[in-house]
Amino acid sequence: AGATGQLADLSLRATGLINLGTVGVASLQLQAGGSGYTGVPAITLAGGNGNATAEAVMGLNAVAVTSVGQGYTTAPNVVITGGGGSGAAAVARIDANPLSATYGQVITVEVTSLGSGYTTLPSITLVGGGGSGAVVSPTLSVVGLVLTATGSGFSTSTAPTVSFGNNAGGSG
């Protein structure tokens, strides 16, 4: 129970809710994970005695095609490695219409599972499909918040303020 405070930094658009307990912050709930992060943003919980802390859990947000390549006859496999996390998955799509000007090119990569635990950008490569030259670029989003210390000294009439550091890029 207690007060509920808004967790937001509009420049990054990662938002959530803070729920105060009788002693400190009882929980954090992610409302929106933002996009475009290249690493883990620092989270600041201000108010109370200053010792409430939280960490962002990052997942794969998007994979932009920066070079479409050529000659793909089937969609290449998307291989995601590194970055400190696990569980992310994506699917590449090619233009399979031989009458199209973009025939045989990778037109999009769709993230099918965000995964979690990424601390840096994973490496993503496209393997197979009969073509070559396609290059992709990943970004991360906040997929969860972990309360690492509940803190104390908060007032139920004045909820704590929270901000996401701009140390890792990100936008809405």
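What you see is a predicted model, and the numbers here were worked out from it, not measured in a lab.

About the thresholds
Residues numbered from 1 in each chain as written. Predicted model: local features only at pLDDT ≥ 70, side-chain atom pairs only at ≥ 80, totals over all residues. Heavy atoms only, no water. Helix = DSSP H or I, 4+ residues; strand = E, 2+ residues; numbered from the N terminus. Buried < 20%, exposed > 50% of the residue type's maximum accessible area, 1.4 Å probe, protein only. Contact = heavy atoms within 4.5 Å. Areas by Shrake-Rupley, 256 points an atom, 1.4 Å probe, with all protein chains shown as cover. Core = buried A, V, L, I, M, F, W, Y, C linked by side-chain atoms within 4.5 Å. Pairing = 2+ DSSP bridges. Polar contact = N/O pair within 3.5 Å; in protein donor to acceptor, adjacent residues only side chain to side chain. pLDDT = per-residue confidence, 0-100. Lys, Arg positive; Asp, Glu negative; His and termini not counted. Salt bridge = Lys/Arg side-chain N within 4 Å of Asp/Glu carboxyl O.

Caption draft 1: Just the overall build of the chain, in detail. Secondary structure assignment for the chain yields 0 helices and 13 strands. Traced from its N-terminal end to its C-terminal end, the chain shows the element sequence β-β-β-β-β-β-β-β-β-β-β-β-β. Out of the 172 residues in the chain, the part that is buried amounts to 38%. Pairs at least 24 residues apart make up 71% of the contacts formed inside the chain by residues separated by at least 6 positions. Carbon and sulfur atoms form 52% of the exposed surface of the chain, whose accessible area is close to 8000 Å².

Caption draft 2: Inspection of the nonpolar core at higher detail. Counting residues in each nonpolar core, the largest one holds 32 residues, and the members touching the most others are Val78, Ile80 and Val109. Of all elements in the fold, only β3 (25-33), β5 (43-46), β6 (53-70), β7 (77-81), β8 (86-94), β9 (106-116), β10 (123-127) and β11 (132-149) reach the threshold of two or more residues within this core. Those residues within four positions of valine 78 in sequence are excluded, and the remaining contacts are Ala90, Val91, Ala92, Val109, Ile124, Thr125 and Leu126.

Caption draft 3: Here's a closer look at the pairing of β10. Only one face of β10 is covered, namely the one carrying Ile124 and Leu126; the face carrying Ser123, Thr125 and Val127 has none of its residues buried. Across 5 bridges, the pairing between β7 and β10 is antiparallel. In the strand pairing of β10, asparagine 77 is matched with valine 127.

Caption draft 4: Layout of the side chain of serine 141. If you trace the backbone, serine 141 turns up in strand β11. Serine 141 has contacts with Gly33, Gly34, Ser35, Tyr37, Val57, Met58, Gly59 and Asn61, leaving out every residue within four places of it along the chain.

Caption draft 5: Focus on the environment of threonine 53. Looking at the element boundaries, threonine 53 is found in strand β6. For the pair threonine 53 and valine 25, spaced 28 residues apart in sequence, the C-alpha separation works out to 9.2 Å. Residues in contact with threonine 53, not counting those within four places in the same chain, are Leu45, Val146, Leu147, Thr148 and Ala149. Of note is the side chain of threonine 53, whose polar atom sits 2.5 Å from the side chain of threonine 148.

Caption draft 6: Just the confidence of the model for the chain, in detail. Predicted confidence across the chain gives a mean pLDDT of 83, with 77% of residues reaching 70 or more. Between residues 1-13, whose pLDDT stays under 50, and residues either more than four places distant or in other chains, the model counts 49 contacts.

Caption draft 7: Examining the environment of alanine 92 more closely. With respect to the helices and strands, the residue alanine 92 is situated in strand β8. On the basis of relative accessible area, alanine 92 is assigned to the buried category, the value being 4%. Alanine 92 sits 19 residues away from valine 111 along the chain, and the two C-alpha atoms are 8.9 Å apart. The contact partners of alanine 92, leaving out residues within four places of it in the chain, are Ala75, Pro76, Val78, Thr108, Val109 and Leu126.

Caption draft 8: Summary view of the environment of glycine 130. When you line up the elements, glycine 130 lands in the loop between β10 and β11. For glycine 130, a relative accessible area of 64% translates into the label exposed. Put simply, glycine 130 and glycine 71 are 59 residues apart on the chain and 6.4 Å apart in space, counted from C-alpha to C-alpha. Aside from chain neighbours lying at most four places away, what touches glycine 130 is Gly71, Tyr72 and Thr73.

Caption draft 9: Quick peek at the side chain of aspartate 95. Along the chain, aspartate 95 turns up in the loop between β8 and β9. Lacking a salt bridge, the buried aspartate 95 has arginine 93 as its closest oppositely charged neighbour, with an N-O distance of 12 Å. With near-sequence residues (within four places) excluded, aspartate 95 lies in contact with Ser100, Thr102, Tyr103, Gly104, Gln105 and Ile107.

Caption draft 10: Broad picture of the pattern of salt bridges. A full pass over the atoms with the stated rule returns 1 salt bridge. One salt bridge connects glutamate 110 with arginine 93, and the closest N-O pair in it is separated by 3.1 Å. With glutamate 110 in strand β9 and arginine 93 in strand β8, the pair connects residues that are 17 residues apart, well separated along the chain. With relative accessibility at 37%, the residue glutamate 110 sits in the partly exposed group.

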